[in-house]
Amino acid sequence: MKKSKNYSLVALLLLVMCSCEPKKEATVSIPSNVISIEKGILMKETYKNDIQKIVETNREDGKYEGTEFAWINLDSLKNYIALLEKVSQLNNKKVSGVRIYFSQYPYQGEYTASQRERLLPGRETLFLAPTTVIPANESTKKNSILENVPFSIVPNGNDKLVGDFKVITQLLGKGEMSSTEVRKAVTNTTNSQETSLLMNDLGMYPPPKQSEEN
């Protein structure tokens, strides 16, 4: 009986010692797609002297200042990634990545006073769209990233994050629209009950001019 108590004491001691060991932090390394500072500067200057210059020359009689960058709060980005991981987990379907779309705010539309201070109608911007994988087809044979298409969720119950993934065909390019597999799988109509996972509302610079209405 005494030996049994000793064994129990040893087991308890080992358990306490193991629980007190510091948790090993995940190894973090610099990814291969991180570019050099020199390349980043060169890419920005190339954009400024080419595409940005064309935009500025052709708008507001040359007085327009083209968008130089978009900014997103790190916590907001982490929350967005956590949302996509939750969607993947709840639906047991892989969210394969994120498309970053070059875009522009519409000239016409309802903007609050606060939005008009930050989001000038007509200004260039970006928005994020999560992607899911579709079967390989003629288009994806030429470019494998086309297998990763933007999607929304069509809920099949009360949880807006649980349901069928629906390809947003209106966001596909011309080459993608020729894919019969995609066209057969979805319709071009938008269901008002769909859950959107598109992300925008980024900080833009240069800051937009105040609307004349304000």
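Predicted model only: the values in this text are computed from it and were never measured.

## Focus on the overall build of the protein
Okay, step 1: Counting its regular elements, the protein contains 8 helices and 6 strands.
Okay, step 2: Along the chain direction, N to C, the helices and strands of the protein fall in the order α-α-α-β-α-β-α-β-α-β-β-α-α-β.
Okay, step 3: Taking all 214 residues of the protein together, 27% fall into the buried category.

## Regarding the sheet that holds strand E5 (residues 163-167)
Okay, step 1: If you trace the 4 strands from one edge of the open sheet to the other, you get E2-E3-E4-E5, paired in antiparallel fashion. Single-partner strands in this sheet number two, and they are strand E2 (97-104) and E5. Adjacent strand axes in the sheet meet at a mean angle of 50°, parallel and antiparallel pairs treated alike.
Okay, step 2: In this structure, strand E4 (residues 148-155) lies alongside E5, joined through 5 bridges in antiparallel fashion. What sits directly across from isoleucine 153, in E5, is phenylalanine 165.
Okay, step 3: Packed onto the sheet, helix H4 (residues 74-91) meets E2, strand E3 (124-133), E4 and E5 and runs at close to 25° relative to E3.

## With respect to a nonpolar patch on the surface
Okay, step 1: Nonpolar side chains collect at one region of the surface, where Phe69, Trp71 and Tyr205 lie side by side and expose about 360 Å² of accessible area between them.
Okay, step 2: Mapped onto the elements of the fold, tryptophan 71 is located in strand E1 (residues 69-71).

## What to know about the nonpolar core
Okay, step 1: Membership of the largest hydrophobic core is limited to 10 residues, which are Tyr80, Leu84, Val87, Val95, Leu128, Phe151, Ile153, Phe165, Leu197 and Met199.
Okay, step 2: Among the elements that take part in this core, H4 stands out by supplying 3 residues, more than any other.
Okay, step 3: Phe127, Ala129, Ile168 and Leu171 belong to the second-largest nonpolar core, a separate cluster that totals 5 residues.

## Considerations on the pairing of E4
Okay, step 1: Inspection of the sheet shows E3 paired to E4 by 3 bridges, in the antiparallel sense. Bridge pairing in E4 links threonine 131 to proline 150.

## Some thoughts on the pattern of salt bridges
Okay, step 1: Summed over the entire model, instances satisfying the criterion amount to 4 salt bridges.
Okay, step 2: Close ionic contact of glutamate 124 with arginine 59 constitutes a salt bridge, the shortest N to O distance being 3.3 Å. Remark: arginine 59 occurs in the loop between helix H3 (51-57) and E1 and glutamate 124 occurs in strand E3; sequence separation between them is 65 residues.
Okay, step 3: On the basis of relative accessibility, which here comes to 16%, the residue arginine 59 falls in the buried class.
Okay, step 4: The partner of glutamate 176 in a salt bridge is arginine 99, and the shortest N-O contact between them spans 2.5 Å. Here glutamate 176, found in helix H7 (residues 174-177), pairs with arginine 99, found in strand E2; they are 77 residues apart in sequence, far enough to count as distant.
Okay, step 5: Assessed through its relative accessible area of 15%, arginine 99 is described here as buried.

## Here's the deal with unusual backbone geometry
Okay, step 1: Here the bond from tyrosine 205 into proline 206 is cis, since omega is 5°, no more than 30 degrees from zero.
Okay, step 2: When you line up the elements, proline 206 lands in the segment after strand E6 (203-205).
Okay, step 3: Within the chain, asparagine 92 stands out as a residue other than glycine whose phi angle is a positive 55°.
Okay, step 4: As for its position among the elements, asparagine 92 is in the loop between H4 and E2.

What counts as what
Residues numbered from 1 in each chain as written. Predicted model: local features only at pLDDT ≥ 70, side-chain atom pairs only at ≥ 80, totals over all residues. Heavy atoms only, no water. Helix = DSSP H or I, 4+ residues; strand = E, 2+ residues; numbered from the N terminus. Buried < 20%, exposed > 50% of the residue type's maximum accessible area, 1.4 Å probe, protein only. Pairing = 2+ DSSP bridges. Axes fitted to C-alpha atoms, helices over the stretch in contact; angles between N-to-C directions. Contact = heavy atoms within 4.5 Å. Patch = residues over 30% accessible without salt bridge, like charges linked within 9 Å, V, L, I, M, F, W, Y side chains within 5 Å. Areas by Shrake-Rupley, 256 points an atom, 1.4 Å probe, with all protein chains shown as cover. Salt bridge = Lys/Arg side-chain N within 4 Å of Asp/Glu carboxyl O. Core = buried A, V, L, I, M, F, W, Y, C linked by side-chain atoms within 4.5 Å.

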